[in-house]
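# Observations on chain architecture
Take a look at the letters that make up each chain.
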Amino acid sequence: MAERKKCEYCEQDAIGIQSLGSCVSLVCQNHADSSLLALKPGEKLAYEYCYLERFDTADR
Ligand SMILES: [Zn+2]
């Protein structure tokens, strides 16, 4: 069974991970960066010091 991850800032389910430098955060739809919201479920994006991953759970 897939583990439900919670947003770090509220009690909602997290939709993805945001990593900026050494700071990694689980975020929900309300707290996600716009660039994370632009990703499709399951998609990942990596910059030099920035990593975004959107969980593949939205439509299940
Ligand atoms: Zn939140």
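As the structure is a computational prediction, the values presented were derived from the model and not from experiment.

Quick look at the pairing of strand E1 (residues 16-20) now. In terms of burial, E1 is a largely internal element, four of the five residues being buried. Alignment of E1 against strand E2 (residues 23-27), held across five bridges, turns out to be antiparallel. The partner of Ile17 across the bridge, within E2, is Leu26. Hairpin connection, E1 to E2: the antiparallel pair is bridged by two residues, and Gly21 has positive phi, about 65 degrees. Relative to strand E4 (residues 50-54), E1 is paired through five bridges, and the arrangement is antiparallel. From the neighbouring strand, Leu20 faces E4, where its bridge partner is Cys50.

In the predicted model, the protein chain carries a mean pLDDT of 90, and 92% of its residues have values of at least 70. Within the protein chain, no element has a lower average pLDDT than E1, which sits at 93, and none a higher one than strand E3 (residues 44-46), at 96.

Cut-offs applied
Residues numbered from 1 in each chain as written. Predicted model: local features only at pLDDT ≥ 70, side-chain atom pairs only at ≥ 80, totals over all residues. Heavy atoms only, no water. Buried < 20%, exposed > 50% of the residue type's maximum accessible area, 1.4 Å probe, protein only. Helix = DSSP H or I, 4+ residues; strand = E, 2+ residues; numbered from the N terminus. Pairing = 2+ DSSP bridges. pLDDT = per-residue confidence, 0-100.

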